[in-house]
Amino acid sequence: MNIRHIAIFCGFCVALFYAYNFTAAKEVVPEHIGPYGLTWFRVLVTGSIFWILSWLAGPKERVPFKELPLIALAAFCGVGFNMVTFMKGLELTSPISASVLMVTTPIIVLVLSAIFLKEKLYALRIIGILVGFSGAAMLILASSDATENATDPAMGNFLIFVNALSYSFYILLAKKLTAKYHVFTLMKWLYFFGVLFITPFGISQGLDFDFQAASMETLLFVGYVILFATFGTYMLNIIAIKNLRPSVVAVFVYLQPLLAGMIAVGLGKDEINTTKIIAGVLIFAGVFMTSLKRSNNQTIVVDGKA
(Lines give C-alpha, C1' and ligand atoms only; values in the text may rest on other atoms or scores of the structure.)
Protein backbone atom coordinates (compact mmCIF):
# COMPACT_ATOMS: atom_id res chain seq x y z
CA MET A 1 0.00 0.00 0.00
CA ASN A 2 1.58 3.30 -1.13
CA ILE A 3 1.25 6.67 0.58
CA ARG A 4 -1.60 7.77 -1.70
CA HIS A 5 -3.67 4.74 -0.74
CA ILE A 6 -2.94 5.42 2.91
CA ALA A 7 -3.99 9.06 2.47
CA ILE A 8 -7.24 8.03 0.76
CA PHE A 9 -7.95 5.61 3.60
CA CYS A 10 -7.27 8.40 6.12
CA GLY A 11 -9.63 10.74 4.26
CA PHE A 12 -12.39 8.14 4.28
CA CYS A 13 -11.85 7.53 8.02
CA VAL A 14 -12.14 11.26 8.68
CA ALA A 15 -15.47 11.38 6.83
CA LEU A 16 -16.68 8.26 8.64
CA PHE A 17 -15.59 9.50 12.08
CA TYR A 18 -17.29 12.86 11.56
CA ALA A 19 -20.40 11.17 10.15
CA TYR A 20 -20.83 8.90 13.16
CA ASN A 21 -20.13 11.82 15.48
CA PHE A 22 -23.57 13.27 14.67
CA THR A 23 -25.22 10.13 16.06
CA ALA A 24 -22.72 9.44 18.86
CA ALA A 25 -22.98 12.93 20.32
CA LYS A 26 -26.75 12.80 20.01
CA GLU A 27 -26.76 9.63 22.14
CA VAL A 28 -25.34 11.42 25.20
CA VAL A 29 -26.49 15.04 24.74
CA PRO A 30 -28.45 16.21 26.67
CA GLU A 31 -29.69 13.05 28.42
CA HIS A 32 -26.38 12.19 30.09
CA ILE A 33 -24.29 15.34 29.71
CA GLY A 34 -25.00 18.91 28.64
CA PRO A 35 -23.74 20.09 25.23
CA TYR A 36 -21.34 22.58 26.77
CA GLY A 37 -20.01 19.96 29.20
CA LEU A 38 -19.17 17.54 26.38
CA THR A 39 -17.57 20.39 24.43
CA TRP A 40 -15.45 21.24 27.47
CA PHE A 41 -14.22 17.65 27.70
CA ARG A 42 -13.47 17.59 23.97
CA VAL A 43 -11.31 20.69 24.11
CA LEU A 44 -9.67 19.95 27.45
CA VAL A 45 -8.58 16.40 26.57
CA THR A 46 -7.60 17.16 22.97
CA GLY A 47 -5.67 20.24 24.07
CA SER A 48 -3.81 18.20 26.69
CA ILE A 49 -2.86 15.62 24.04
CA PHE A 50 -1.50 18.31 21.72
CA TRP A 51 0.53 19.91 24.51
CA ILE A 52 2.03 16.52 25.38
CA LEU A 53 2.77 15.73 21.72
CA SER A 54 4.33 19.16 21.25
CA TRP A 55 6.55 18.59 24.27
CA LEU A 56 7.57 15.08 23.21
CA ALA A 57 7.83 15.33 19.42
CA GLY A 58 7.18 18.88 18.30
CA PRO A 59 9.74 21.56 17.46
CA LYS A 60 10.68 24.04 20.15
CA GLU A 61 9.00 27.00 18.52
CA ARG A 62 8.28 30.24 20.28
CA VAL A 63 5.16 32.16 19.34
CA PRO A 64 5.66 35.97 19.53
CA PHE A 65 3.29 37.75 21.88
CA LYS A 66 1.97 39.89 19.02
CA GLU A 67 0.74 36.72 17.28
CA LEU A 68 -1.30 35.49 20.25
CA PRO A 69 -4.33 37.77 19.63
CA LEU A 70 -4.70 36.35 16.10
CA ILE A 71 -4.37 32.79 17.43
CA ALA A 72 -6.91 33.60 20.14
CA LEU A 73 -9.37 34.92 17.55
CA ALA A 74 -8.83 31.81 15.41
CA ALA A 75 -9.41 29.65 18.50
CA PHE A 76 -12.65 31.49 19.26
CA CYS A 77 -13.95 30.87 15.74
CA GLY A 78 -12.58 27.37 15.22
CA VAL A 79 -12.63 25.82 18.69
CA GLY A 80 -14.69 27.84 21.16
CA PHE A 81 -17.74 29.37 19.51
CA ASN A 82 -17.65 26.79 16.72
CA MET A 83 -17.91 23.76 19.01
CA VAL A 84 -20.41 25.35 21.39
CA THR A 85 -22.86 26.19 18.60
CA PHE A 86 -22.39 22.77 17.03
CA MET A 87 -23.12 20.79 20.19
CA LYS A 88 -26.07 22.98 21.19
CA GLY A 89 -27.45 22.87 17.65
CA LEU A 90 -27.09 19.10 17.47
CA GLU A 91 -28.98 18.81 20.76
CA LEU A 92 -31.96 20.55 19.16
CA THR A 93 -31.95 19.17 15.60
CA SER A 94 -31.48 15.83 13.84
CA PRO A 95 -28.16 14.26 12.76
CA ILE A 96 -29.07 14.31 9.05
CA SER A 97 -30.08 17.99 9.03
CA ALA A 98 -26.92 18.94 10.92
CA SER A 99 -24.64 17.00 8.58
CA VAL A 100 -26.26 18.48 5.46
CA LEU A 101 -25.94 22.05 6.76
CA MET A 102 -22.24 21.53 7.47
CA VAL A 103 -21.66 21.19 3.71
CA THR A 104 -22.41 24.92 3.34
CA THR A 105 -18.91 25.63 4.73
CA PRO A 106 -17.19 25.78 1.28
CA ILE A 107 -19.83 28.23 0.05
CA ILE A 108 -19.42 30.44 3.13
CA VAL A 109 -15.63 30.38 2.76
CA LEU A 110 -16.02 31.52 -0.85
CA VAL A 111 -18.24 34.45 0.20
CA LEU A 112 -15.89 35.48 3.02
CA SER A 113 -12.88 35.24 0.69
CA ALA A 114 -14.60 37.59 -1.74
CA ILE A 115 -15.36 40.07 1.06
CA PHE A 116 -12.12 40.00 3.03
CA LEU A 117 -9.51 38.63 0.61
CA LYS A 118 -10.94 40.38 -2.48
CA GLU A 119 -11.22 37.11 -4.39
CA LYS A 120 -13.32 37.66 -7.51
CA LEU A 121 -16.70 36.07 -8.08
CA TYR A 122 -18.34 35.35 -11.41
CA ALA A 123 -21.90 34.60 -12.45
CA LEU A 124 -21.92 30.81 -11.99
CA ARG A 125 -20.45 31.01 -8.52
CA ILE A 126 -22.92 33.69 -7.44
CA ILE A 127 -25.78 31.49 -8.67
CA GLY A 128 -24.25 28.58 -6.77
CA ILE A 129 -24.04 30.68 -3.60
CA LEU A 130 -27.71 31.65 -3.90
CA VAL A 131 -28.80 28.06 -4.62
CA GLY A 132 -26.77 26.66 -1.72
CA PHE A 133 -28.01 29.26 0.75
CA SER A 134 -31.59 28.70 -0.40
CA GLY A 135 -31.21 25.06 0.59
CA ALA A 136 -29.84 26.04 3.99
CA ALA A 137 -32.68 28.56 4.49
CA MET A 138 -35.22 25.90 3.54
CA LEU A 139 -33.81 23.44 6.05
CA ILE A 140 -33.82 26.08 8.80
CA LEU A 141 -37.25 27.62 8.13
CA ALA A 142 -39.19 24.54 7.04
CA SER A 143 -38.05 22.29 9.89
CA SER A 144 -40.43 23.62 12.53
CA ASP A 145 -42.13 20.42 13.73
CA ALA A 146 -40.53 19.15 16.93
CA THR A 147 -39.92 15.42 17.31
CA GLU A 148 -38.31 13.22 19.92
CA ASN A 149 -35.07 13.36 17.95
CA ALA A 150 -35.25 17.10 17.21
CA THR A 151 -36.89 19.14 19.96
CA ASP A 152 -36.38 22.52 18.25
CA PRO A 153 -35.17 21.84 14.69
CA ALA A 154 -35.45 25.44 13.45
CA MET A 155 -33.20 26.81 16.21
CA GLY A 156 -30.93 23.77 16.05
CA ASN A 157 -30.45 24.11 12.29
CA PHE A 158 -29.78 27.83 12.69
CA LEU A 159 -27.07 27.12 15.28
CA ILE A 160 -25.47 24.51 13.01
CA PHE A 161 -25.40 27.10 10.22
CA VAL A 162 -23.82 29.63 12.62
CA ASN A 163 -21.29 26.92 13.49
CA ALA A 164 -20.42 26.52 9.79
CA LEU A 165 -20.07 30.31 9.50
CA SER A 166 -17.77 30.43 12.53
CA TYR A 167 -15.61 27.60 11.19
CA SER A 168 -15.36 29.36 7.83
CA PHE A 169 -13.91 32.43 9.56
CA TYR A 170 -11.47 30.09 11.30
CA ILE A 171 -10.28 28.68 7.97
CA LEU A 172 -9.40 32.17 6.73
CA LEU A 173 -7.74 33.19 10.00
CA ALA A 174 -5.70 30.00 10.23
CA LYS A 175 -4.45 30.24 6.65
CA LYS A 176 -1.47 32.42 7.56
CA LEU A 177 -0.80 30.65 10.85
CA THR A 178 -0.47 27.18 9.32
CA ALA A 179 2.30 28.46 7.06
CA LYS A 180 4.25 29.86 10.01
CA TYR A 181 4.07 27.20 12.70
CA HIS A 182 4.31 23.45 13.12
CA VAL A 183 0.96 21.74 13.52
CA PHE A 184 1.60 20.77 17.16
CA THR A 185 2.67 24.32 18.05
CA LEU A 186 -0.38 25.88 16.44
CA MET A 187 -2.88 23.35 17.77
CA LYS A 188 -1.65 23.47 21.35
CA TRP A 189 -2.17 27.24 21.42
CA LEU A 190 -5.50 27.07 19.63
CA TYR A 191 -6.78 24.58 22.17
CA PHE A 192 -5.23 26.53 25.04
CA PHE A 193 -7.38 29.53 24.15
CA GLY A 194 -10.26 27.19 23.33
CA VAL A 195 -10.23 25.89 26.90
CA LEU A 196 -10.27 29.47 28.21
CA PHE A 197 -13.29 30.33 26.04
CA ILE A 198 -15.33 27.20 26.76
CA THR A 199 -14.59 26.68 30.48
CA PRO A 200 -17.01 29.39 31.70
CA PHE A 201 -19.82 27.74 29.71
CA GLY A 202 -18.94 24.08 30.08
CA ILE A 203 -17.20 23.46 33.39
CA SER A 204 -20.42 23.27 35.38
CA GLN A 205 -22.03 20.74 33.03
CA GLY A 206 -18.74 18.87 32.76
CA LEU A 207 -18.30 18.51 36.51
CA ASP A 208 -21.94 17.45 36.87
CA PHE A 209 -21.27 14.42 34.67
CA ASP A 210 -21.03 11.37 36.95
CA PHE A 211 -18.47 9.02 35.46
CA GLN A 212 -19.12 6.33 38.07
CA ALA A 213 -22.86 6.30 37.48
CA ALA A 214 -22.57 6.41 33.68
CA SER A 215 -23.00 3.18 31.76
CA MET A 216 -20.17 1.72 29.71
CA GLU A 217 -22.11 2.59 26.54
CA THR A 218 -22.33 6.25 27.56
CA LEU A 219 -18.62 6.38 28.40
CA LEU A 220 -17.77 4.83 25.03
CA PHE A 221 -19.86 7.45 23.21
CA VAL A 222 -18.15 10.27 25.15
CA GLY A 223 -14.74 8.74 24.48
CA TYR A 224 -15.55 8.43 20.79
CA VAL A 225 -16.52 12.09 20.48
CA ILE A 226 -13.30 13.15 22.20
CA LEU A 227 -10.70 10.77 20.78
CA PHE A 228 -12.04 9.88 17.34
CA ALA A 229 -14.26 12.80 16.29
CA THR A 230 -11.97 15.50 17.69
CA PHE A 231 -8.33 14.47 18.01
CA GLY A 232 -8.33 11.53 15.57
CA THR A 233 -10.05 13.34 12.72
CA TYR A 234 -7.60 16.21 12.80
CA MET A 235 -4.51 13.98 12.77
CA LEU A 236 -5.82 11.79 9.93
CA ASN A 237 -6.98 14.82 7.95
CA ILE A 238 -3.45 16.24 8.01
CA ILE A 239 -2.20 13.09 6.24
CA ALA A 240 -4.97 13.32 3.64
CA ILE A 241 -4.41 17.04 2.96
CA LYS A 242 -0.65 16.61 2.69
CA ASN A 243 -0.76 13.79 0.13
CA LEU A 244 -3.95 14.39 -1.89
CA ARG A 245 -5.20 17.18 -4.13
CA PRO A 246 -7.72 19.55 -2.50
CA SER A 247 -10.39 18.37 -4.95
CA VAL A 248 -9.93 14.79 -3.73
CA VAL A 249 -10.06 15.82 -0.06
CA ALA A 250 -13.26 17.75 -0.80
CA VAL A 251 -14.96 14.56 -1.97
CA PHE A 252 -14.62 13.14 1.55
CA VAL A 253 -16.17 16.30 3.02
CA TYR A 254 -19.20 15.91 0.77
CA LEU A 255 -19.36 12.22 1.70
CA GLN A 256 -20.13 13.03 5.33
CA PRO A 257 -23.87 13.73 4.97
CA LEU A 258 -24.37 10.50 3.01
CA LEU A 259 -22.53 8.46 5.65
CA ALA A 260 -24.23 10.35 8.50
CA GLY A 261 -27.63 9.70 6.98
CA MET A 262 -26.94 6.00 6.44
CA ILE A 263 -25.70 5.62 10.02
CA ALA A 264 -28.54 7.59 11.61
CA VAL A 265 -31.27 5.87 9.59
CA GLY A 266 -29.65 2.45 9.97
CA LEU A 267 -29.57 2.81 13.75
CA GLY A 268 -33.10 4.21 13.84
CA LYS A 269 -31.91 7.60 15.17
CA ASP A 270 -33.28 9.72 12.32
CA GLU A 271 -35.47 9.57 9.25
CA ILE A 272 -35.33 11.07 5.77
CA ASN A 273 -38.16 13.34 4.59
CA THR A 274 -38.89 15.45 1.54
CA THR A 275 -37.59 18.68 3.08
CA LYS A 276 -34.21 17.14 3.91
CA ILE A 277 -33.89 15.66 0.41
CA ILE A 278 -34.76 18.91 -1.44
CA ALA A 279 -32.58 21.04 0.86
CA GLY A 280 -29.70 18.61 0.48
CA VAL A 281 -29.97 18.65 -3.31
CA LEU A 282 -29.96 22.47 -3.33
CA ILE A 283 -26.95 22.69 -1.02
CA PHE A 284 -24.95 20.10 -2.96
CA ALA A 285 -25.87 21.77 -6.26
CA GLY A 286 -24.71 25.10 -4.86
CA VAL A 287 -21.40 23.61 -3.69
CA PHE A 288 -20.91 21.98 -7.10
CA MET A 289 -21.53 25.22 -9.00
CA THR A 290 -19.21 27.25 -6.78
CA SER A 291 -16.46 24.66 -7.28
CA LEU A 292 -16.51 24.97 -11.09
CA LYS A 293 -13.84 27.03 -12.78
CA ARG A 294 -14.73 30.09 -14.83
CA SER A 295 -14.92 29.64 -18.57
CA ASN A 296 -13.50 32.29 -20.90
CA ASN A 297 -16.89 33.80 -21.73
CA GLN A 298 -18.01 34.34 -18.13
CA THR A 299 -17.89 37.78 -16.58
CA ILE A 300 -16.59 38.62 -13.15
CA VAL A 301 -19.23 40.64 -11.35
CA VAL A 302 -17.59 41.63 -8.10
CA ASP A 303 -15.65 44.58 -9.47
CA GLY A 304 -17.45 44.98 -12.79
CA LYS A 305 -14.45 43.92 -14.89
CA ALA A 306 -14.21 41.08 -17.37
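What you see is a predicted model, and the numbers here were worked out from it, not measured in a lab.

We now examine the layout of surface pockets. With a probe scaled to a water molecule rolled over the atoms, the places where space remains empty come into view. Of the voids in this model, the second largest pocket is the one considered here, and its volume is about 380 Å³. The wall of the second largest pocket is formed by 16 residues, among which Lys 26, Glu 27, Glu 31, Asn 149 and Lys 269 lie closest to the centre. Of all the secondary-structure elements, those providing two or more residues to the lining of the second largest pocket are helix 1 (3-28) and helix 9 (216-243). Along the lines of polarity and charge, the residues of the lining of the second largest pocket split into 4 nonpolar, 5 polar and 7 charged.

Quick look at helix 7 (residues 153-180) now. In this model helix 7 runs 41 Å from its N-terminal to its C-terminal C-alpha over 28 residues, within 8% of the 40 Å that 1.5 Å per residue would give. At Ala 174, helix 7 shows its strongest bend, of approximately 40°.

Time to look at the packing of helix 8 (residues 183-208) against helix 9. Running from amino to carboxyl end, helix 8 crosses helix 9 at an angle of 150°, the nearest separation of the two axes being 13 Å. Considering their axes alone, helix 8 and helix 9 lie roughly antiparallel with respect to each other. Considering how the two elements wind past one another, helix 8 and helix 9 form a crossing that is right-handed. Facing helix 8, whose interface residues are Val 183, Phe 184, Met 187 and Tyr 191, helix 9 presents Thr 230, Tyr 234, Met 235 and Ile 238. In terms of residue class, the contact of helix 8 with helix 9 is built from 7 nonpolar, 1 polar and no charged.

It is worth spelling out the packing of aromatic side chains at this point. All chains considered together, the criterion is met by 23 aromatic pairs. Between Tyr 167 and Tyr 170, the aromatic rings sit 5.3 Å apart at their centres with planes inclined by 40°, giving tilted as the arrangement. Of this pair, Tyr 167 and Tyr 170 both sit in helix 7, 3 residues apart, which is roughly one turn of that helix. Among the residues examined, Tyr 167 registers a relative accessible area of 32% and is labelled partly exposed. What makes Tyr 170 buried here is its relative accessible area of 11%. Taken together, the ring pairs connect Phe 17, Tyr 20, Tyr 224 and Phe 228 into an aromatic cluster.

Before going further, it helps to spend a moment on the nonpolar core. Grouped together as the largest cluster of nonpolar side chains are 81 residues, with contacts concentrated most on Leu 38 and Leu 190. Contact partners of Leu 38, with chain neighbours within four places excluded, come to Ala 25, Val 28, Val 29, Ile 33, Met 87, Val 222 and Val 225.

This part is about the pattern of salt bridges. Evaluated as defined, the whole model comprises 4 salt bridges. Among the salt bridges present, the one from Glu 27 reaches Lys 269, with a minimum N-O distance of 2.9 Å. Taken together, the residues span a long stretch of sequence, with Glu 27 in helix 1 and Lys 269 in the loop between helix 10 (246-266) and helix 11 (274-291) at a distance of 242 residues. In this structure, Lys 88 engages Glu 91 in a salt bridge whose closest nitrogen and oxygen atoms are separated by 3.2 Å. Taken together, the residues Lys 88 and Glu 91, both in helix 3 (residues 68-92) and 3 residues apart, mark about one turn of the helix.

With an omega of 0°, the peptide bond running from Val 29 to Pro 30 counts as cis. Secondary-structure assignment places Pro 30 in the loop between helix 1 and helix 2 (35-56).

Next up on the list: the state of the cysteines. In protein chemistry, a disulfide is the covalent bond that joins the sulfur atoms of two cysteines. With the rule as written, the count across this model stands at 0 disulfides. With no disulfide partner, Cys 10 has as its closest neighbouring cysteine sulfur the one in Cys 13, 6.4 Å distant. A residue is classified by how much of its surface remains accessible, and Cys 10, at 5% relative accessible area, is buried.

UniProt tags residues 6-140 and 155-291 as "domain: EamA" (unreviewed entry). Segment residues 6-140 splits into 80% helix and 0% strand. End C-alpha atoms: 38 Å apart.

Position of Leu 172 among the secondary structure elements: in helix 7. For the pair Leu 172 and Ala 75, spaced 97 residues apart in the sequence, the C-alpha separation amounts to 12 Å.

Glancing now at a nonpolar patch on the surface. Residues Ile 115, Phe 116, Leu 117, Leu 165 and Phe 169 make up a contiguous nonpolar surface patch of about 440 Å² in total accessible area. For the nonpolar patch, the secondary structure elements donating two or more residues are helix 5 (105-116) and helix 7. By the secondary structure assignment, Phe 169 is in helix 7.

Bringing helix 5 into the picture now. In this model helix 5 runs 16 Å from its N-terminal to its C-terminal C-alpha over 12 residues, within 8% of the 16 Å that 1.5 Å per residue would give. Taken as a whole, helix 5 has its buried residues at Thr 105, Ile 107, Ile 108, Val 109, Leu 110, Leu 112, Ser 113 and Ala 114. At its buried positions, helix 5 is contacted by helix 4 (95-102), helix 6 (123-142), helix 7 and helix 11. A positive backbone phi angle near 60° is found at Lys 118, which sits one or two residues after helix 5.

The rules we used
- Residues numbered from 1 in each chain as written.
- Predicted model: local features only at pLDDT ≥ 70, side-chain atom pairs only at ≥ 80, totals over all residues.
- Heavy atoms only, no water.
- 1 Å grid on protein atoms, 1.4 Å probe; cavity = no way out; pocket = protein on both sides within 12 Å on 5 of 7 lines; lining within 4 Å.
- Points joined across faces, edges and corners; volume = space filled by probe spheres on them.
- Helix = DSSP H or I, 4+ residues; strand = E, 2+ residues; numbered from the N terminus.
- Nonpolar A, V, L, I, M, F, W, Y, C, P; charged D, E, K, R; others polar.
- Expected span 1.5 Å × (residues − 1).
- Bend = angle between axes of the 7 residues up to and from the residue.
- Axes fitted to C-alpha atoms, helices over the stretch in contact; angles between N-to-C directions.
- Parallel < 35°, antiparallel > 145°, perpendicular 65-115°, else oblique.
- Left-handed = near helix turned anticlockwise from the far one by under 90°.
- Contact = heavy atoms within 4.5 Å.
- Phe/Tyr/Trp six-rings, centres within 6.5 Å; stacked < 30°, edge-to-face > 60°.
- Buried < 20%, exposed > 50% of the residue type's maximum accessible area, 1.4 Å probe, protein only.
- Core = buried A, V, L, I, M, F, W, Y, C linked by side-chain atoms within 4.5 Å.
- Salt bridge = Lys/Arg side-chain N within 4 Å of Asp/Glu carboxyl O.
- Disulfide = S-S within 2.5 Å.
- UniProt positions renumbered as here; feature names shortened; annotations may be inferred.
- Patch = residues over 30% accessible without salt bridge, like charges linked within 9 Å, V, L, I, M, F, W, Y side chains within 5 Å.
- Areas by Shrake-Rupley, 256 points an atom, 1.4 Å probe, with all protein chains shown as cover.

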